[in-house]
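A structural walkthrough
Each chain, letter by letter, is given below.
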Amino acid sequence: MCGIIGYIGEQQALPFLLDGLRRLEYRGYDSSGVAVKNGGITVHKKTGKVADLEAKLPASVEGTCGIAHTRWATHGGVTDENAHPHCSADGKIALVHNGIIENARNLRNRLENEGVKLRSETDSEVLVHLIHREISNGAKPLTAVRRTLKRARGTWGICVVFEDHEKIICARNGSPLVIGVGSGENWIASDTLPLQTLTQQVVRLDDGDLAEVSADGIKTSRFDGRTTDSEVTSLDGEWGEAELGDFPHFMLKEIHEQPEALRQCLTGRLDIKNGNARLGGIGLTAKQLQKIPHVRLLGCGTALNASQVGRIVIEELARVPTLAHVSSEFRHNNPVIETNALHFAVSQSGETADTLAAVKEIQLKGGEVRGVINVVGSTIARQCGRGCYIHSGPEQSVASTKAFSNMVAALSLFGIQIGRARTLSREKGKKLVKSLQKIPKLVGDYLEAPGPIEEVVDLVKDAKSVLFLGRGISAPVAREGALKLMEIAYIPCLAYPAGEMKHGPIALLEEGSPVVVIAPNDSLKDKTVSSIQECRARGAKIILIHEEGDPIAEEADISIPVPATDPMFTPMLTVLPLQLIAYQTALALGCDVDRPRNLAKSVTVE
Ligand code: F6R
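For the structure given in this document, a descriptive report is provided here.

The subject of this paragraph is the nonpolar core. Formed by 89 residues in total, the largest nonpolar core has its most connected members in F344, F414, I416, L436, V466 and F468. Per element, the largest residue contribution to this core is twelve residues, and it comes from helix α13 (residues 402–421). Inspection of this core shows a minimum of three residues originating in each of domain 2 (242–448) and domain 3 (451–593). Those residues in contact with L436 that sit more than four places away from it in its chain are L266, L270, S412, L413, I416, F569 and M572. If you look at the next biggest cluster of nonpolar residues, it comprises 25 residues, including L127, L142, W156 and I158.

Here's what the structure looks like:
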């Protein structure tokens with residue numbers, strides 16, 4: 001959840017570190033810090049944004065080797081002391097850490113009993129003192145780090161610099177690290193985003209790897225001491241445009257990137273002639289798809305909502321039982337795994353700890369998991385080995401938008417592919433493929449004229465709570481709308497399948513309560529009209545998202561039409577106004593849209 005960047009070479013380290021921190025800020029933004037080697041090691045740390053750290057830095061911090069960190073607090077409050085880097089007592093070693101050291105309390109007690117004064121409340125600080133002790137006992141940096149990590153339990157991505165050695169030692173276990181390969185210089189980062197403008201060549205560390213990085217070399221080895229080959233791979237084509245451009249916020253930019261992102265996801269995967277879809281990376285023949293007893297999808301947050309849409313599409317098109325699970329629950333509930341069933345791990349970042357743990361649980365029980373992932377080469381993508389990339393391009397706003405649409409698009413492609421292998425006719429397949437092909441354009445059309453979003457903002461911004469309702473495929477869309485508004489505008493939101501409303505949430509309604517209803521033109525629409533009437537009878541104000549030209553608009557206090565499409569694909573259109581409502585409401589309330597409080601983009605702790 002935190003971000004790490006490191007540099008070693010002949011150029012000044014600080015500009016790389018600060019630029020890297022700015023690009024990584026979406027991963028955590030409680031506090032940040034840098035350590036630069038310049039004879040000794042100079043450390044500066046500050047709570048708040050990277051800009052606050054920059055403001056505190058002296059005019060020049062010279063040095064050609066350094067490490068930096070942007071933090072999302074887990075152990076210990078948001079204070080300058082708890083910010084990384086952490087230093088040994090003599091200031092000769094500095095360390096940054098992503099992850100959690102589970103036995104930190106134990107290690108702390110032992111260090112304190114031995115007279116070591118710890119300066120922070122973090123779990124991370126123990127590591128630097130243990131490394132220092134190994135160095136004092138004569139160990140070389142790599143050995144000191146390896147021996148220290150043997151005493152630690154938990155997850156880590158760490159970088160360590162030493163006053164007396166021209167190298168950075170890094171190690172990975174559960175928290176990603178990538179080394180950017182340069183000529184006479186190298187970078188280390190917790191994801192590829194800050195590297196893409198610096199180099200296209202990277203070495204990705206695996207769990208259990210350590211690396212000794214100097215200006216002109218990278219030596220990788222395993223936890224047990226075996227040396228390994230540092231396989232250099234290319235970032236080519238991995239990411240699209242990662243800059244803000246003319247947009248005021250990444251969230252708005254990413255909402256508007258959806259037509260192009262969807263095109264990227266669909267391109268080359270539609271077989272119009274045969275009414276079929278091709279997700280080659282899934283690696284399953286039609287014969288194999290016919291034999292699958294059930295499909296299970298795993299995800300968290302927005303990825304879970306997209307999985308729930310995918311669940312309905314796959315079950316409907318292929319008539320195969322399909323379930324979507326909350327990753328964190330699934331892995332702890334001792335799931336029964338059928339080895340010939342098909343599992344999908346759905347994740348934008350490909351780093352979400354709960355989803356990764358669920359993947360490992362399935363694999364441990366002999367099951368196979370395919371990834372539906374955005375970030376190429378991410379941990380879950382590599383753990384699964386097979387699957388499909390959703391090709392959204394970089395998503396930097398904490399609130400996920402274009403990844404939702406592309407996850408739904410990718411799962412819809414799979415629904416058609418498995419459907420065609422089973423019960424779906426060529427004729428119906430063709431109709432679906434043609435509809436799917438038109439989605440990017442329809443999304444663009446809607447975004448050009450999004451309807452009365454400002455009116456909705458006036459209605460919801462001071463509300464005690466907002467209720468979101470939808471039926472069938474629109475029920476997970478309602479959940480996604482509630483999640484968006486809640487996470488960036490901090491308004492309590494409740495999402496319910498419309499039919500469940502009368503079994504409890506109706507008690508919340510009073511004169512003027514805003515209720516957002518998603519009612520596309522599908523077979524469930526008439527039933528949703530009954531739910532609308534039940535809400536109106538209690539004084540609720542109805543914000544209705546519906547198909548263009550549908551007379552259902554008359555049921556609304558505020559009507560937001562979206563273009564018509566096949567009922568299976570409506571989520572990619574009905575979600576758009578919900579994203580804009582959340583964005584505009586957060587803005588109206590003065591919230592930090594791209595960096596909502598307490599959240600981080602990539603949730604790498606369980
Ligand atoms: C919501 C949001 C989160 C993520 C969730 C899973 O806007 O961004 O709920 O969807 O943390 O993240 P990934 O998809 O990276 O596994």
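Right, let's get into the sheet that holds strand β15 (residues 232–234). Taken together, the eight strands give an open sheet; going across it, the order is β3-β2-β4-β1-β10-β9-β11-β15, and neighbouring strands pair in antiparallel fashion. A single partner strand is all that each edge strand has here, and the edge strands are β3 (40–47) and β15. Looking at each pair of strands side by side, their axes are set apart by 20 degrees on average, direction ignored. Taken together, the three bridges between strand β9 (residues 178–181) and strand β11 (residues 201–204) define a ladder with antiparallel strand orientation. Counterpart to G180 in the pairing with β11 is V202.

Bringing the pattern of salt bridges into the picture now. Under the counting rule described, the total for this entry stands at 30 salt bridges. With a shortest N-O distance of 2.6 Å, E257 and K402 are connected by a salt bridge. Of the two residues, E257 sits in the loop between α6 (250–256) and α7 (258–266) while K402 sits in helix α13, which places them 145 residues apart along the sequence. Of the two residues, E257 and K402, neither departs from the other in class, the shared state being buried.

Another aspect to go through is empty space enclosed by the protein. According to the stated counting rule, one finds two cavities of 30 Å³ or more in the structure shown. Here the largest cavity defines a volume of roughly 260 Å³. Lining of the largest cavity is provided by 28 residues; of these, D191, T192, S349, E351 and V375 occupy positions nearest its centre. Built from parts of two domains, the lining of the largest cavity gets at least three residues from each of domain 1 (3–234) and domain 2 (242–448).

Quick look at helix α3 (residues 104–113) now. Among all positions of α3, only A104, L107, R108 and L111 are buried. In a view along the axis of α3, the buried residues occupy a sector of 100 degrees, so they form one face of it. Set apart from the buried face of α3 by more than 90 degrees, the exposed residues are R105 and N113. Residues of α3 that are buried sit in contact with α4 (125–136) and α5 (141–151).

What follows is about the site of the ligand. Around the ligand lies a shell of 16 residues, among which S347, Q348, S349, T352 and E487 are the nearest. In the environment of the ligand, an oxygen atom lies 2.4 Å from a nitrogen or oxygen atom belonging to the side chain of T352. At 2.4 Å from an oxygen atom of the ligand is found a side-chain nitrogen or oxygen belonging to E487. Protein burial of the ligand: of its 410 Å² of free accessible surface, 91% is covered by the chains. Among the cavities detected, the one that contains the ligand is the largest pocket. Of all the elements in the fold, those that place two or more residues in the shell around the ligand are α9 (301–318) and α16 (474–489). Of the residues that constitute the shell around the ligand, the class distribution is seven nonpolar, seven polar and two charged. The residue makeup of the shell around the ligand includes at least three contributed by each of domain 2 (242–448) and domain 3 (451–593).

Across the sheet, seven strands lie side by side as β5-β6-β7-β8-β12-β13-β14; this open sheet has antiparallel pairing. Two strands bound the open sheet, and with one partner strand each, they are β5 (86–87) and β14 (227–228). Relative to strand β8 (residues 165–173), strand β7 (residues 156–162) is paired through seven bridges, and the arrangement is antiparallel. Considered in β8, the bridge of W156 is made with N173. Together, β5, β6 (93–98) and β7 form the strand contacts of α4, whose direction differs from that of β6 by roughly 140 degrees.

Let's shift gears to the environment of N38. Position of N38 relative to the elements: it lies in strand β2 (residues 31–38). Residues N38 and G63, 25 residues apart in the sequence, show an inter-C-alpha distance of 4.8 Å. There is a polar contact of 2.9 Å between the side chain of N38 and the side chain of T42.

Scoring rules and cut-offs
Residues numbered from 1 in each chain as written. Predicted model: local features only at pLDDT ≥ 70, side-chain atom pairs only at ≥ 80, totals over all residues. Heavy atoms only, no water. Core = buried A, V, L, I, M, F, W, Y, C linked by side-chain atoms within 4.5 Å. Buried < 20%, exposed > 50% of the residue type's maximum accessible area, 1.4 Å probe, protein only. Helix = DSSP H or I, 4+ residues; strand = E, 2+ residues; numbered from the N terminus. Domains from an automatic or database assignment. Contact = heavy atoms within 4.5 Å. Pairing = 2+ DSSP bridges. Axes fitted to C-alpha atoms, helices over the stretch in contact; angles between N-to-C directions. Salt bridge = Lys/Arg side-chain N within 4 Å of Asp/Glu carboxyl O. 1 Å grid on protein atoms, 1.4 Å probe; cavity = no way out; pocket = protein on both sides within 12 Å on 5 of 7 lines; lining within 4 Å. Points joined across faces, edges and corners; volume = space filled by probe spheres on them. Arc of directions from axis to C-beta. Near = heavy atom within 4 Å. Polar contact = N/O pair within 3.5 Å; in protein donor to acceptor, adjacent residues only side chain to side chain. Areas by Shrake-Rupley, 256 points an atom, 1.4 Å probe, with all protein chains shown as cover. Sits in = over half its atoms within 2 Å of the grid points. Nonpolar A, V, L, I, M, F, W, Y, C, P; charged D, E, K, R; others polar.

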